[in-house]
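Structural overview for review
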Amino acid sequence: MIQTVIFDMDGVIVDTEPVHRYAYFQQFGELNIDVTEEMFTSFTGNSTRNVFQNLKTLFNLEQDVEDLIQRKRSIFNEAFDTKSDLELLEGVENLIKVLHQNGMQLILASSASKVTIERVFGRFQLHQYFTHIVSGEDFPKSKPDPAIFEHAASLSIAFKENCIVIEDSTNGVKAAKAAGIYCVGYNSIHSKLQDLSAADVVINHFNELDYEKVAEYKIDIKK
């Protein structure tokens with residue numbers, strides 16, 4: 001029986017990707033670097049630190065990674081605070097509440113920074129539902145490295161075999177499977193060009209899930 005659900009955030013709980021995209025490309029313009037759409041898509045699921053570590057190498061940037069991170073966050077925070085139409089993804093708030101009401105443990109494992117997670121959780125009052133929040137900024141490698149999900153599973157009230165991950169990105173699904181955790185791939189309309197084929201099951205809307213279905217997911221981990 002599943003006892004713990006580990007959620008990704010961007011593209012699963014809330015779609016902050018357009019805000020991140022705006023912030024990144026504003027900064028790419030300031031840096032005068034040409035980041036292609038294909039290159040940008042390949043960064044999906046990576047922490048801001050890992051994105052800029054890669055870009056610093058690729059484009060031989062002079063700026064320190066920390067300075068690049070802070071500038072991007074500054075642009076993002078200003079845009080986040082002024083974006084009035086930012087909402088939770090359809091159906092996810094109800095799923096979170098139903099799972100919580102039925103005693104399911106919820107853990108967040110997101111590549112986003114702690115500052116961004118706090119902004120989202122504060123704005124939508126989500127702290128009350130989650131026992132732990134794990135940020136990708138605490139790990140040297142981003143998804144598809146499994147470390148973030150391995151750590152999240154270690155915080156579970158149950159064995160890893162009784163956890164599932166909900167992910168919307170290629171790298172996120174790969175990370176969950178590398179960690180040996182059952183993965184539900186969420187085929188979000190906001191997450192473009194993502195390959196979810198490695199997930200154990202794929203859903204297109206959160207109304208496909210309820211407490212009973214989540215609790216009884218067959219533990220059939222793909223090798």
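Summarised in this report is the structure supplied together with it. (Residues numbered from 1 in each chain as written. Predicted model: local features only at pLDDT ≥ 70, side-chain atom pairs only at ≥ 80, totals over all residues. Heavy atoms only, no water.)

Once that is clear, we can look at the packing of aromatic side chains. The full count for this structure, using the stated rule, is ten aromatic pairs. Note on phenylalanine 25 and phenylalanine 28: the rings are 5.1 Å apart at their centroids and 75° apart in plane angle, and the pair reads as edge-to-face. Taken together, the residues span about one helical turn, with phenylalanine 25 and phenylalanine 28 both in helix H1 (residues 17–31) at a distance of three residues. An aromatic cluster of at least three residues, connected via ring pairs, comprises Tyr24, Phe25, Phe28, Phe40 and Phe52. The ring of phenylalanine 80 carries arginine 123 above its face, with NZ or CZ at 5.4 Å from the centroid. (Phe/Tyr/Trp six-rings, centres within 6.5 Å; stacked < 30°, edge-to-face > 60°. Helix = DSSP H or I, 4+ residues; strand = E, 2+ residues; numbered from the N terminus. Lys NZ or Arg CZ within 6 Å of the ring centre and 35° of its normal.)

The subject of this paragraph is the pattern of salt bridges. All told, the structure shown has nine salt bridges when counted by the stated rule. A salt bridge links glutamate 66 to arginine 49; its shortest N-O distance comes to 2.3 Å. Residue glutamate 66 is found in helix H4 (residues 65–82), and its partner arginine 49 is found in helix H3 (residues 48–59); the two are separated by 17 residues along the sequence. For arginine 49, a relative accessible area of 27% puts it in the partly exposed group. Between glutamate 167 and lysine 143 there is a salt bridge, with its nearest N and O atoms 2.6 Å apart. Remark: lysine 143 occurs in the loop between strand S3 (132–135) and helix H7 (147–154) and glutamate 167 occurs in strand S4 (residues 163–167); sequence separation between them is 24 residues. One exposure class covers both glutamate 167 and lysine 143, and it is buried. One network of salt bridges, with partners in common, ties together Asp8, Lys143 and Glu167. (Salt bridge = Lys/Arg side-chain N within 4 Å of Asp/Glu carboxyl O. Buried < 20%, exposed > 50% of the residue type's maximum accessible area, 1.4 Å probe, protein only.)

Moving on, we get to the side chain of threonine 170. For threonine 170, the location among the structural elements is in helix H8 (residues 170–178). The class of threonine 170 is buried, set by a relative accessible area of 16%. Those residues in contact with threonine 170 that lie beyond four places of it in its chain are Leu193, Gln194 and Asp195. (Contact = heavy atoms within 4.5 Å.)

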